[in-house]
Amino acid sequence: QVQLVESGGGSVQAGGSLRLSCAASGYTVSRYCMGWFRQAAGKQREWVSYISTGGTTRYADSVKGRFTVSKDAAKNTLYLQMNSLNPEDTAIYYCAGGAREICGGQEGLFTYWGQGTQVTVSS
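Throughout this description, residue numbers start from 1 for each chain and increase along the sequence as written. Since the coordinates come from a predicted model, pLDDT governs what is reported: local features require at least 70, and pairs of side-chain atoms require 80 or more to be given and counted, while whole-chain, interface and lining totals use all residues. As a rule here, side-chain values come from all non-hydrogen atoms in the structure, and water together with hydrogens is ignored.

> When you look at the pattern of salt bridges in this model, what are you seeing that I'm missing?
Side-chain pairing between opposite charges can occur once the charged atoms of the two side chains come close. The salt bridge criterion pairs a side-chain nitrogen of Lys or Arg with a carboxyl oxygen of Asp or Glu, the two atoms within 4 Å. Under the defined criterion, the tally for this structure stands at five salt bridges. In this structure, the salt-bridge partner of aspartate 89 is arginine 66, at a minimum N-O distance of 2.7 Å. You can see aspartate 89 sitting in the loop between β8 (77-82) and β9 (91-98) and its partner arginine 66 sitting in the loop between β6 (57-59) and β7 (67-72), a full 23 residues away along the chain. Sharing partners across several salt bridges, the network here consists of Arg38, Glu46, Arg66 and Asp89. Strands are runs of DSSP state E lasting at least 2 residues, helices are runs of H or I lasting at least 4, and numbering of each runs from the N terminus.

Encoded structure:
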């Protein structure tokens with residue numbers, strides 16, 4: 001059974017940092033495109049970032065320069081380092097695993113999803 005479990009969320013003041021983790025089981029993160037999405041209250045889920053099997057990374061304009069996605073194949077874990085957080089980053093963050101190597105920001109490319117972890121940024 002495939003499981004993706006996020007952790008590392010919490011509350012932080014504006015300007016602070018958090019590091020999210022996504023631990024996978026029954027699934028090998030190095031074999032597929034891995035992504036991060038988020039959903040703020042009252043808004044649709046939006047794409048945040050992805051990392052390809054070859055290590056190519058892309059970011060939504062709203063987080064570019066502040067967030068960094070990475071993975072550790074040995075730990076079978078995906079990460080999202082979030083710096084310079086602002087209240088607009090407040091959302092539930094989800095990690096997502098693709099079924100193929102093809103990467104993109106479309107939700108349809110991702111088959112497996114974590115349960116989400118809450119990030120709250122206060123001003």
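That shown, we press on.
> Could you clarify how one ought to interpret the state of the cysteines in this entry?
In a disulfide, the sulfur atoms of two cysteines are held together by a covalent bond. By definition, disulfides here are pairs of cysteine sulfur atoms that lie within 2.5 Å. Counting across every chain of the model gives two disulfides. Each disulfide pairs two cysteine sulfurs, and for cysteine 22 the partner residue is cysteine 95, the sulfurs being separated by 2.0 Å. Sign of the S-S torsion, about 50° for the bond between cysteine 22 and cysteine 95, identifies this disulfide as right-handed. Of this pair, cysteine 22 sits in strand β3 (residues 18-25) while cysteine 95 is found in strand β9, placing the two residues 73 residues apart along the sequence. The burial state of cysteine 22 is the same as that of cysteine 95; both residues are buried. Through a disulfide, cysteine 33 is tied to cysteine 103; the S-S separation comes to 2.1 Å. Its torsion about the S-S bond being 115°, the disulfide of cysteine 33 and cysteine 103 is classed as right-handed. When a residue's accessible area, from a 1.4 Å probe over protein chains only, is under 20% of the maximum for its type it is buried; when over 50% it is exposed; and in between it is partly exposed.

> So what exactly am I meant to see when it comes to the pairing of β7 here?
The side chains of a regular strand alternate, first on one face of the sheet and then on the other. Sheet topology places β7 next to β8; six bridges connect them, and they run antiparallel. Pairing of threonine 68 across the sheet is with glutamine 81, part of β8. Pairing between strands requires that DSSP locate at least two bridges from one strand to the other. Hairpin geometry of β7 and β8 is characterised by an intervening segment of four residues between the two adjacent antiparallel strands and by a positive phi of about 55° at asparagine 76.

> It is not clear to me how unusual backbone geometry should be interpreted in this structure. Could you clarify?
Trans peptide bonds make up the majority, and among non-glycine residues the majority have a negative phi. You will see that asparagine 76, though not glycine, has its phi angle at about 55°, which is positive. Examined against the element boundaries, asparagine 76 turns out to sit in the loop between β7 and β8. Within the chain, serine 84 stands out as a residue other than glycine whose phi angle is a positive 50°.

> What is the right way to look at the sheet that holds β3 in this model?
What links the strands of a sheet is backbone hydrogen bonding, and the strands pair in either a parallel or an antiparallel sense. Spatial strand order, β1-β3-β8-β7: four strands in an open sheet with antiparallel pairing. A strand with exactly one partner marks an edge of an open sheet, and here the two such strands are β1 (3-7) and β7. Geometrically, the sheet is characterised by an average inter-axis angle of 15° between neighbouring strands, direction not taken into account. Note on geometry: axes are C-alpha line fits, over the in-contact stretch for helices, and angles between N-to-C directions span 0 to 180 degrees.

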